[in-house]
Amino acid sequence: MKKREETTAKNGIFDSKWGFILACVGSAVGLGNIWLFPYRLGQYGGAAFLIPYLFFILLFGYVGLSAEFGIGRMAQTGTIGAYETCWKNNRCKKAGKALGWIPLIGSLGIATGYAIIIGWVLRSLFGSATGELFNSLSSDYFAQATGDFGSIIWHFIILFLTLLILFTDSVARIEKVSKVMMPVFFILFTFLAVRVFFLPGSVEGYKFLFIPKWEALLHINTWVMAMGQAFFSLSITGSGMIVYGAYLKKEENIVEASLHTALFDTLAALLSALAIMPAVFSFGIEPTAGPSLMFLVIPDIFRQLAFGKLLACIFFFSVLLAGITSLINMFEAVIESLQYKHKIPRKAAAVISVLTSFMIGIFLENEVNVGSFMDFITILVVPFGAVFGAISIYFILGKNKIEDELNLGRKKKLPKQFFIVARYIYVPLTILIFILGIIYKGIG
């Protein structure tokens with residue numbers, strides 16, 4: 001087994017395994033868990049959908065997250081440096097290094113669109129606290145923020161809060177924030193799920209979610225959507241998880257940490273389903289997904305509940321926590337690569353990254369514009385980055401090097417089957433996800 005070395009990442013390291021895992025869970029848990037998973041779970045077979053979903057979560061967590069964490073720790077740096085490590089001995093190294101910028105562009109692109117949407121969440125939280133959200137139709141309140149330049153203040157506040165967290169010379173603040181935000185997220189969503197359980201008629205929501213429709217397993221769309229939901233839910237982008245891997249101690253077991261991350265991400269998705277869909281059915285509302293669920297349907301539910309303002313505050317605050325922890329990771333990938341490539345101070349890199357995102361984002365605040373932009377990023381750029389990352393790590397870098405890194409911190413070496421699965425099942429599936437995303441116009 002390869003001798004353990006000290007981690008020398010310029011921004012420091014995670015002090016504990018659980019600090020690392022919670023930071024990664026924070027990155028993975030996002031809007032897809034909250035506004036898409038509950039609908040897909042019910043729509044594509046209920047409990048039957050969980051069979052392919054859990055299969056793909058296990059597969060992608062086992063070999064996909066492990067790969068990104070592993071190359072980050074091996075290279076001791078983030079996206080750009082990691083791909084330079086992969087391609088440095090390849091005859092196409094110039095092309096490989098150039099393509100390594102695409103996953104990074106994907107991280108910045110997601111962060112740009114995400115910040116706008118989380119700005120809407122913050123505005124809804126404010127409206128819940130003041131009662132303004134309940135003094136008008138949800139559609140009217142939402143429409144006020146989704147026109148051209150309609151959410152600049154909230155958009156700016158979100159990016160400013162994220163910058164404050166990132167404006168440090170050490171990864172320690174990311175770890176501390178994640179250790180607080182993610183447990184609070186789980187506690188608050190658990191509270192909502194318990195409260196929803198007692199609503200009259202909520203049983204129909206549980207039936208929608210969990211009564212298995214076994215015939216759904218015979219439909220290709222069930223497997224496609226389960227695969228897409230699992231893949232994107234784990235935030236496998238060829239970028240963000242690499243930089244967190246760069247901050248991981250050599251003695252930590254990467255594969256074990258990857259599986260823990262996948263487990264808690266799945267729990268977050270299930271909690272979201274339990275907190276949302278029973279309430280939707282309790283009030284006889286047609287189940288839906290996306291922004292309409294979060295900003296139109298859910299406020300209408302809370303306005304009909306006792307202590308609805310408080311419950312709405314808890315819900316939007318929970319979503320805000322999940323959104324900010326995801327933003328932290330996306331920007332961290334960009335910041336670290338700017339530090340690595342251009343040798344600039346961390347604080348300058350943080351300001352450049354966040355300011356660039358804001359200057360692009362202010363022209364995308366219209367709901368139609370941000371929707372089209374996010375479709376482009378999530379259908380083309382991010383999946384390409386994931387494919388490029390998988391090929392770079394498991395084929396270009398070579399089996400032996402990544403194997404040595406992933407075996408660090410383990411009592412037993414990984415079985416040979418791990419790399420067979422990684423190279424001949426996982427990598428082709430990333431390519432398939434990229435192709436299917438184009439055909440279906442998005443599967444994650």
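Residues numbered from 1 in each chain as written. Predicted model: local features only at pLDDT ≥ 70, side-chain atom pairs only at ≥ 80, totals over all residues. Heavy atoms only, no water.

A.B. asks: I tried to follow the overall build of the protein chain on my own but got confused; where do I start?
C.D. replies: Counting its regular elements, the protein chain contains 19 helices and zero strands. Across its three principal axes, the protein chain shows a C-alpha extent of roughly 60 × 50 × 40 Å. Buried positions account for 60% of the 444 residues belonging to the protein chain. Sequence separation of 24 or more characterises 85% of the internal contacts of the protein chain that already satisfy a separation of 6 or more. Charged side chains of the protein chain number 36 positive and 26 negative; the gap between the two group centres comes to 9 Å. (Helix = DSSP H or I, 4+ residues; strand = E, 2+ residues; numbered from the N terminus. Buried < 20%, exposed > 50% of the residue type's maximum accessible area, 1.4 Å probe, protein only. Contact = heavy atoms within 4.5 Å. Lys, Arg positive; Asp, Glu negative; His and termini not counted. Charge placed at Lys NZ, Arg CZ, Asp CG, Glu CD.)

A.B. asks: Just checking my understanding: could you explain the packing of helix α10 (residues 203–210) against helix α13 (residues 254–282) for this structure?
C.D. replies: The axes of two packed helices give the description: the angle between them and the distance between them. One can describe the packing of α10 onto α13 by two numbers: an axis separation of 6 Å at closest approach and a directional angle of 125 degrees. Here α13 runs oblique to α10, going by the angle between their axes. By crossing handedness, the relation of α10 to α13 is classed as right-handed. Contacts between α10 and α13 involve E204, G205, Y206, F208, L209 and F210 from the former and A273, L274, M277, P278 and F281 from the latter. When its residues are assigned to classes, the contact of α10 with α13 shows nine nonpolar, one polar and one charged. (Axes fitted to C-alpha atoms, helices over the stretch in contact; angles between N-to-C directions. Parallel < 35°, antiparallel > 145°, perpendicular 65-115°, else oblique. Left-handed = near helix turned anticlockwise from the far one by under 90°. Nonpolar A, V, L, I, M, F, W, Y, C, P; charged D, E, K, R; others polar.)

A.B. asks: I would appreciate a short explanation of a nonpolar patch on the surface in the present structure.
C.D. replies: A contiguous nonpolar surface patch, about 530 Å² in accessible area, is contributed by I153, F156, I157, F160, L161 and L164. The topology assignment puts L161 in helix α8 (residues 152–166). (Patch = residues over 30% accessible without salt bridge, like charges linked within 9 Å, V, L, I, M, F, W, Y side chains within 5 Å. Areas by Shrake-Rupley, 256 points an atom, 1.4 Å probe, with all protein chains shown as cover. Salt bridge = Lys/Arg side-chain N within 4 Å of Asp/Glu carboxyl O.)

A.B. asks: I would appreciate a short explanation of the pattern of salt bridges in the present structure.
C.D. replies: Considering all chains together, one arrives at nine salt bridges under this definition. K17 is paired through a salt bridge with E256; the nearest N and O atoms lie 3.3 Å apart. Taken together, the positions of K17 in helix α1 (residues 17–28) and E256 in helix α13 put the pair 239 residues apart, joining distant regions of the chain. Exposure remark for K17: the relative accessible area of 23% places this residue in the partly exposed category. Here R303 makes a salt bridge to D300, at a shortest N to O gap of 3.1 Å. Relative accessible area serves as the criterion here: at 32%, R303 is assigned to the partly exposed category. A network of salt bridges, in which partner residues are shared, links R73, K250 and E405.

A.B. asks: In this structure, what is going on with the packing of aromatic side chains? I would like to understand it.
C.D. replies: The description of two aromatic rings rests on the distance between their centres and on the angle between their planes. Applying the stated criterion across every chain, the model contains 37 aromatic pairs. Connected via pairs of aromatic rings, a cluster forms that spans W18, F185, F186, F189, F264, F302, F315 and F316. Above the plane of the ring of Y141 lies R123, whose end atom (NZ or CZ) is 4.0 Å from the centre. (Phe/Tyr/Trp six-rings, centres within 6.5 Å; stacked < 30°, edge-to-face > 60°. Lys NZ or Arg CZ within 6 Å of the ring centre and 35° of its normal.)

A.B. asks: Teacher, can you tell me more about the confidence of the model for the protein chain here?
C.D. replies: Close inspection of predicted coordinates is inappropriate in any region flagged by low pLDDT. Put simply, the protein chain has an average pLDDT of 93, and 98% of its residues get 70 or more. Per-element averaging of pLDDT across the protein chain places helix α14 (residues 291–302) at the bottom with 90 and helix α3 (residues 47–75) at the top with 97. (pLDDT = per-residue confidence, 0-100.)

A.B. asks: Teacher, can you tell me more about helix α6 (residues 101–130) here?
C.D. replies: Its 30 residues place the ends of α6 43 Å apart at the C-alpha level, agreeing with the 44 Å of an ideal helix rising 1.5 Å per residue. Across the 30 residues that make up α6, a large majority, 24, are buried. One or two steps after α6, the chain reaches G131, where phi turns positive at roughly 90 degrees. (Expected span 1.5 Å × (residues − 1).)

A.B. asks: Would you explain the nonpolar core in this entry?
C.D. replies: In summary, soluble globular proteins display a tendency toward joint burial of nonpolar side chains. The biggest cluster of nonpolar side chains holds 158 residues, and the ones touching the most others in it are F60, Y244, M294, F315 and Y394. The leading source of residues in this core is helix α15 (residues 308–342), at 19 residues. Setting aside anything within four residues of it in sequence, one finds M294 in contact with L31, I34, W35, V121, P299, F315, F316 and V319. (Core = buried A, V, L, I, M, F, W, Y, C linked by side-chain atoms within 4.5 Å.)

A.B. asks: Even after reading the chapter, I still don't get the side chain of T112, so can you show me in this structure?
C.D. replies: By the secondary structure assignment, T112 is in helix α6. On the basis of relative accessibility, which here comes to 1%, the residue T112 falls in the buried class. T112 has contacts with S357, I360, G361, L364 and F373, leaving out every residue within four places of it along the chain.

A.B. asks: Help me understand helix α18 (residues 399–407), please; the structure alone is not making it clear to me.
C.D. replies: Each full turn of the α-helix corresponds to 3.6 residues, which orients residues three or four apart in the same direction. Along α18, the residues classified as buried are I402, E403, E405, L406 and N407. Considering only its buried residues, α18 is in contact with α3, α13, α17 (367–396) and α19 (416–440). Just downstream of α18 lies G409, where phi reads positive at about 80 degrees.

A.B. asks: It is not clear to me how the packing of α13 against α14 should be interpreted in this structure. Could you clarify?
C.D. replies: Here α13 crosses α14 at 60 degrees, and the two axes come no closer than 10 Å. Taken as axis vectors, α13 and α14 run oblique relative to one another. The interaxial crossing formed by α13 with α14 has left-handed handedness. When α13 is examined against α14, the residues I276, A279 and V280 are found in contact with a partner set consisting of L293, V297, I298 and I301. Of the residues contributing to the contact of α13 with α14, the split by class is seven nonpolar, no polar and no charged.

A.B. asks: In this structure, what is going on with the environment of G72? I would like to understand it.
C.D. replies: With respect to the helices and strands, the residue G72 is situated in helix α3. Distance from G72 to G228, taken between C-alpha atoms, is 24 Å for residues 156 residues apart in sequence.

A.B. asks: Explain the state of the cysteines here, please?
C.D. replies: Covalent bonding between the sulfur atoms of two cysteines is what defines a disulfide. Evaluated as defined, the whole model comprises zero disulfides. Sulfur of C24: no disulfide; nearest cysteine sulfur belongs to C86 and is 18 Å away. Judged by relative accessible area, which is 0%, C24 ranks as buried. (Disulfide = S-S within 2.5 Å.)

A.B. asks: So what exactly am I meant to see when it comes to the environment of R423 here?
C.D. replies: You can see R423 is positioned in helix α19. In the structure, R423 is positioned 238 residues away from F185 in sequence and 35 Å away in space, judged by C-alpha atoms. In this view, R423 contacts Y394, F395, K399 and P428; residues no more than four positions away in its chain are not counted. One polar contact links the side chain of R423 to the main-chain carbonyl oxygen of Y394, over a distance of 3.0 Å. (Polar contact = N/O pair within 3.5 Å; in protein donor to acceptor, adjacent residues only side chain to side chain.)

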